[in-house]
Structure formats: structure tokens, C-alpha cells
Amino acid sequence: DVACRGLLEHCLCGLPGVGGVGMSIKRDAADDWCSKVVRARDGACVRCGSDMYLQACHIYGRRMKVLRYSLDNLVTGCPSCHRRWTENPLEFNDFLEMYLGEGHLAILREKSQGHMKTNAKLRKEIAAHYRAEFRKMEEDYDYRPISFN
């Protein structure tokens, strides 16, 4: 299954013997603002409900640039659940099917076949978009953020 392969690639990246240790992907303002928006959107870990130390969890890893900044590709998790999902990608896939639905995952699979190149100018535009979305969310509790892509 394409979704499982994408999840496995995401989850295994950086483990000893898989893609090398320390091969992290650099984060920038676009990542930070996108993360703030998804954490504000969900408000708590979507698995256990914890609201402590929330993290943005990519369904398809950040290396997949076409989905890296897509809100459809992100859920909020606490550190414990994020680690659990990373270590158990098939369990993560099962959870996502239940939480988001098979249709949502099918759309992500289709989107994952696309291609997107980024550069500094585009990443600044993405950061500005999510900064504006975050401010709208602060002003209006009922506002639902719009994804950049």
C-alpha cells in the first residue's frame, strides 16, 4: 500500500541503519508557522487528548515537499503518541483511517504523486500565509484555517 510505504519511509528516516543517523531536515519559518496552525486547529493530541507539549505530526514525512506544508497532511500529537506512531507506522495508518477516513488518505496518496520545488521566496510566502491564518484563528475561535496547498 502506497500510504504504508510513505508512512514507513517517514517513520524509519533517521533510525540507525536507515537513511543514516542525524540526517534531519532543516526547519524554517514556514515549518514553524504551519506547525502552530495545525496545533491551534486541533487543540490537543488527536489520539489521547493531551494538551501538553503538542507537536505537528506529518502523515507523509517532511521530505515529501508537495505535502510538507499541507494541513491535510498534518495532525497534532503529544510527544508520547508521536513517538508511538513513528515506531508503529501500521498502527498510525490504522488510526488515521479511523480518524480521518479512507477517503482523506486516498486524496493524500494522490497528492503525494505530485511534485513541488521550494525556494526561499516561496517558503517566505508559505510562512506569511500561515502567520496570517494563525492570527485569524486568534481573532475568531470558530475560524477554520485554509491550507497553503
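Residues numbered from 1 in each chain as written. Predicted model: local features only at pLDDT ≥ 70, side-chain atom pairs only at ≥ 80, totals over all residues. Heavy atoms only, no water.

1. Some remarks on the packing of helix α4 (residues 79-87) against helix α5 (residues 89-99)
It is at 5 Å that the axes of α4 and α5 come closest, and there the two elements cross at 115°. In terms of orientation, α4 lies roughly perpendicular with respect to α5. Here R84, W85, T86 and E87 of α4 lie close against α5, whose contacting residues are P89, E91, F92 and F95. Here the contact of α4 with α5 is composed, by residue class, of four nonpolar, one polar and three charged. (Axes fitted to C-alpha atoms, helices over the stretch in contact; angles between N-to-C directions. Helix = DSSP H or I, 4+ residues; strand = E, 2+ residues; numbered from the N terminus. Parallel < 35°, antiparallel > 145°, perpendicular 65-115°, else oblique. Contact = heavy atoms within 4.5 Å. Nonpolar A, V, L, I, M, F, W, Y, C, P; charged D, E, K, R; others polar.)

2. Here we look at unusual backbone geometry
A positive phi angle is found at Y53, which is not glycine, with a value near 55°. Examined against the element boundaries, Y53 turns out to sit in the loop between α2 (29-42) and β1 (55-58).

3. Side note on the packing of aromatic side chains
Per the counting criterion, the structure on display carries four aromatic pairs. Chaining the aromatic ring pairs together yields one cluster made of W85, F92, F95 and Y99. The cationic tip of K36 hangs over the ring face of W33; the distance from NZ or CZ to the ring centre is 4.2 Å. (Phe/Tyr/Trp six-rings, centres within 6.5 Å; stacked < 30°, edge-to-face > 60°. Lys NZ or Arg CZ within 6 Å of the ring centre and 35° of its normal.)

4. Looking at a negative patch on the surface
Together, E138, E139, D140 and D142 make up a negatively charged patch on the protein surface. Tracing the sequence through the fold places D142 in the segment after α7 (120-139). By relative accessible area, D142 is classed as exposed at 61%. (Patch = residues over 30% accessible without salt bridge, like charges linked within 9 Å, V, L, I, M, F, W, Y side chains within 5 Å. Areas by Shrake-Rupley, 256 points an atom, 1.4 Å probe, with all protein chains shown as cover. Salt bridge = Lys/Arg side-chain N within 4 Å of Asp/Glu carboxyl O. Lys, Arg positive; Asp, Glu negative; His and termini not counted. Charge placed at Lys NZ, Arg CZ, Asp CG, Glu CD. Buried < 20%, exposed > 50% of the residue type's maximum accessible area, 1.4 Å probe, protein only.)

5. Topic: the environment of V37
Looking at where V37 falls in the secondary structure, it is placed in helix α2. The spatial distance from the C-alpha of V37 to the C-alpha of R144 is 9.8 Å, given a sequence separation of 107 residues.

6. Re the side chain of H58
On the secondary structure map, H58 appears in strand β1. Since its relative accessible area comes to 10%, H58 is described here as buried.

7. Some words on the nonpolar core
Among the nonpolar cores identified, the biggest contains 34 residues, and L71, V75, W85, L96, I126 and Y130 are the most heavily contacted of them. Among the elements that line this core, the one with the most residues is α7, at six residues. If we ignore the near neighbours within four places in the chain, the residues touching Y130 are W33, C34, V37, Y69, S70, L71, I146, S147 and F148. (Core = buried A, V, L, I, M, F, W, Y, C linked by side-chain atoms within 4.5 Å.)

8. Side note on the confidence of the model for the chain
Confidence in the prediction for the chain averages 88 pLDDT; 85% of positions are at 70 or higher. For the stretch residues 1-22, pLDDT sits under 50, and the model shows 30 contacts to residues farther than four places along the chain or on other chains. (pLDDT = per-residue confidence, 0-100.)

9. Brief notes about α2
In an α-helix there are 3.6 residues to a turn, and that puts residues three or four apart on one side. Taking 1.5 Å per residue, 14 residues should reach 20 Å; α2 reaches 20 Å between its end C-alpha atoms and fits that length. Looking only at α2, the buried set comprises A30, D31, W33, C34, S35, V37, V38 and R41. In this structure, the buried side of α2 is in contact with β1, α3 (65-68), β2 (74-77) and α7. For α2, the N-terminal cap is D28; the gap from its side-chain oxygen to the backbone nitrogen of A30 is 3.1 Å. One or two steps after α2, the chain reaches G43, where phi turns positive at roughly 80°. (Expected span 1.5 Å × (residues − 1). Polar contact = N/O pair within 3.5 Å; in protein donor to acceptor, adjacent residues only side chain to side chain.)

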